[in-house]
Amino acid sequence: MDTVTQITLGAAVGEATAGREAGNKAPLWGAAFGLLPDLDVLANPFLTEAQALTFHRSLTHSLLFIAVVTPLAAYLLRHFSSEDAPSFRRWAGLVSAVLATHVGLDCLTTYGTQIFWPFSTYPVIYGTIFIIDPLYTIPLAAGLLVSLRWVPTAKRRRWANSAGLTLSSAYLLLTVANKQHIDSVFAQNLAQKQPPAERFLTTPSPFNNLLWRGIAETEDGFYVGDYSLLDPDRTIAFRYVPKRHDLLGDAHDNPFVQRLRRFSRGYFTVRRGTDGALLVHDLRFGRNDLGLTADGEYLFTFRLREDAEGRIVGLRQEEPPLRLNRALVRQFVARIRGRSEVDAISAVAKTE
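Criteria and cut-off values
In this numbering scheme, every chain counts its residues from 1 along its sequence in written order. Per-residue local features of the predicted model are confined to residues with pLDDT of at least 70, and side-chain atom pairs are confined, for both listing and counting, to 80 or more; whole-chain, interface and lining totals are unaffected and use all residues. As a rule here, side-chain values come from all non-hydrogen atoms in the structure, and water together with hydrogens is ignored. Cavity and pocket criteria rest on a 1 Å grid covering protein atoms alone: a 1.4 Å probe that fits but cannot get out defines a cavity, protein on both sides within 12 Å along at least 5 of 7 lines defines an open pocket, and an atom within 4 Å of a point defines a lining residue. Grid points are joined across faces, edges and corners, and a volume is the space filled by probe spheres set on the points. Comment: elements are numbered from the N terminus, with helices defined as DSSP H or I runs of at least four residues and strands as E runs of at least two. Amino acid classes used here: Ala, Val, Leu, Ile, Met, Phe, Trp, Tyr, Cys and Pro are nonpolar; Asp, Glu, Lys and Arg are charged; the rest, including Gly, are polar. Whether two strands pair comes down to DSSP finding at least two bridges between them. In this description, a line fitted to the C-alpha atoms serves as the axis of each element, helices being fitted only across the stretch in contact, and the angle between N-to-C directions of two axes falls anywhere from 0 to 180 degrees. We call two residues contacting when some pair of their heavy atoms lies within 4.5 Å. A residue's pLDDT is simply how confident the predictor is in it, with values from 0 to 100. Each residue is assigned to one of three classes by its accessible area relative to the maximum for its type, calculated with a 1.4 Å probe on protein chains only: buried under 20%, partly exposed between the two thresholds, exposed over 50%. Salt bridges, as used here, are contacts in which a Lys or Arg side-chain nitrogen is within 4 Å of a carboxyl oxygen on Asp or Glu. A pair of Phe, Tyr and Trp rings is counted when the ring centres sit within 6.5 Å of each other, with Trp represented by its six-membered ring. The angle between the planes then sorts it: under 30 degrees is stacked, over 60 is edge-to-face, the rest tilted. We call a set of buried residues a nonpolar core when its members are Ala, Val, Leu, Ile, Met, Phe, Trp, Tyr or Cys and they connect through side-chain atoms within 4.5 Å of each other. Like-charged residues are merged into a patch within 9 Å and nonpolar side chains (Val, Leu, Ile, Met, Phe, Trp, Tyr) within 5 Å, provided each residue has over 30% relative accessible area and no salt bridge. Areas reported as accessible are Shrake-Rupley estimates using a 1.4 Å probe. Residue values count occlusion only from the protein chains shown.

Summed over the entire model, instances satisfying the criterion amount to one cavity of 30 Å³ or more. Put simply, the largest cavity is a space of about 90 Å³. Lining the largest cavity, in full, are L53, T54, H56, Y111, G112, Q114, T121, P123, R262 and F263. Secondary structure elements with two or more residues in the lining of the largest cavity: α3 (49-55) and α8 (255-264). Classifying every residue of the lining of the largest cavity by side-chain character gives four nonpolar, five polar and one charged.

It is worth spelling out the pairing of strand β5 (residues 268-272) at this point. Where β5 and strand β6 (residues 278-282) come together, five bridges link them in antiparallel fashion. Across the sheet, V270 pairs through a bridge with V280, a residue of β6. Linking β5 back to β6 in an antiparallel pair, the connection comprises five residues, with G276 at a positive phi of about 90°.

With that settled, the discussion passes to the sheet that holds strand β1 (residues 199-204). The four strands lie next to each other as β1-β2-β3-β4, forming an open sheet whose pairing is antiparallel. Two strands lie at the open edges of the sheet, namely β1 and β4 (239-242), each paired on one side alone. Averaged over neighbouring strand pairs, the angle between their axes works out to 25° when direction is ignored. Of the strand pairs in this sheet, strand β3 (residues 221-228) and β4 are connected by four bridges, and their pairing is antiparallel. What sits directly across from V224, in β4, is R239. Where helix α9 (residues 326-336) meets the sheet, its contacts fall on β2 (211-217) and β3, and the angle it forms with β3 comes to roughly 80°.

In the predicted model, the chain carries a mean pLDDT of 92, and 96% of its residues have values of at least 70. Within the chain, the element-level pLDDT minimum falls on helix α10 (residues 341-351), averaging 46, and the maximum on helix α6 (residues 134-147), averaging 98.

So, on to the layout of surface pockets. In this structure, the second largest pocket spans a volume of roughly 280 Å³. Surrounding the second largest pocket, 17 residues form its lining, R271, H281, G296, E297 and Y298 being those nearest its centre. Among the secondary structure elements, those contributing two or more residues to the lining of the second largest pocket are β4, β5, β6 and β7 (301-306). Broken down by class, the residue content of the lining of the second largest pocket amounts to six nonpolar, four polar and seven charged.

Taken residue by residue, helix α2 (residues 25-35) has A26, P27, G30, A31, F33 and G34 as its buried positions. Packing partners of the buried residues in α2 comprise α1 (3-22), α4 (63-79), α5 (88-107), α6 and α7 (155-190).

A complete count under the given rule lists 15 salt bridges for this structure. Note that D226 is salt-bridged to R335, the shortest N-O span being 2.8 Å. Pair noted here: D226 is in strand β3 and R335 is in helix α9, with a separation of 109 residues, a long-range link. Notably, a salt bridge pairs E318 with R316, separated by 3.3 Å at the nearest N-O pair. When salt bridges with common partners are traced through the structure, they connect D275, R303, R316 and E318 into a single cluster.

As a further point, take the packing of aromatic side chains. Considering all chains together, one arrives at 13 aromatic pairs under this definition. Considering the side-chain rings of F186 and F238, the 6.1 Å spacing of their centres and the 65° angle between planes classify their relative orientation as edge-to-face. Note that F186 is positioned in helix α7 and F238 in the loop between β3 and β4, a separation of 52 residues in sequence. Note on accessibility: F186 and F238 belong to one class, buried. Each ring, one from F263 and one from F300, has its centre 6.1 Å from the other, and the planes form 20°; the classification is stacked. On the criterion of sequence distance, the pair formed by F263 in helix α8 and F300 in the loop between β6 and β7 is long-range, its members being 37 residues apart. The pair F263 / F300 is uniform in exposure class, with both members buried.

Hydrogen bonds between backbone groups are what pair the strands of a sheet, and the pairing can be parallel or antiparallel. The antiparallel open sheet is built from four strands, whose spatial order is β5-β6-β7-β8. Each of the sheet's edge strands pairs with one partner strand only, and the pair in question is β5 and β8 (312-318). Pairwise comparison of adjacent strand axes, ignoring direction, gives a mean angle of 25° for this sheet. In the packing of α8 onto the sheet, contacts are made with β5, β6, β7 and β8, and the angle to β8 comes to roughly 40°.

Turning next to the nonpolar core. In this structure, L9, F33, L94, V95, L105, I129 and Y136 are the most contacted members of the largest nonpolar core, which totals 32 residues. Elements with a contribution of two residues or more to this core: α1, α2, α4, α5, α6 and α7. When residues no more than four places from it in sequence are discounted, the contact partners of I129 are M1, L108, T109, Y136, Y171, L172, P204 and N209. Listed in part, the 17 residues of the second largest apolar core include L53, L248, V280 and L315.

Now for a nonpolar patch on the surface. A surface patch of nonpolar side chains, about 560 Å² in accessible area, is lined by L72, Y75, L76, F80 and F88. Here the nonpolar patch gets three residues from one element, more than from any other, and that element is α4. Note that F80 resides in the loop between α4 and α5.

Shown next as structure tokens:
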């Protein structure tokens, strides 16, 4: 999830676990440890772009990291606190709870979290929530901010913070239920497609949990479609996207290609750019036009660097700018509300 959400979650969990004993230090330390796992990005200047791609959400998001950091941090917090400060056990409860909820929340997104590192680099991906979702963050922040109006020992302080945590957690459970329903809708539609799909992945669209996108893999390409929980029926219109993996030639076992294959879980396409360079598009993260126009660019695009003999010797991530404007946002909202892409475009055109 985004940094603001993780800091807020850490502060709320810190308050819930040690607020009564540690006072305002509990949410402050909770916020700090909520941020800690994402500081792995500070290693990026010392890594190649390919290494940084899979280093994020590995070491600092692992169960091993939680097991090592928890007793060490709890000891330091207890050692440098006053005599009437929380016990080692209480500080350990705060640190472990904050780190565990950070990692658990990240597992619900689509990026992939290597919780079993270094024993396994398998990325845990549930894909039930977008990395920025106001309906999760706002109740969490509201409960925390309201709770801080009262002294640490006040019951109303604990109730307010608990209310925020309860509402946000209930929303997370709702996203899990939504995904189960969405998966069944996509499976029903894909059962009628030829060639048949070998597997499929569903992900929520940006900033909401109503409009979902599905990517289904076939031997030579992918079916890509979207479905809103507010759609009038369960019919999904798919577009077919060819893989073009043959453009990689003999580079199938190239370490850079293998890294991209592992990162994308195989949901990628390949094409030649206008300059002849090989471009790899990770389909899971969508396009900079929210998938609503015909010429959007994929948000996760990687340019493969080739030497004079055509061997792949590196990669670089492209960062296309977001193309959000008032018309596109209205079209996106219309699609969330259950209108087809054609109807959404027509509705926007009438307001121009």
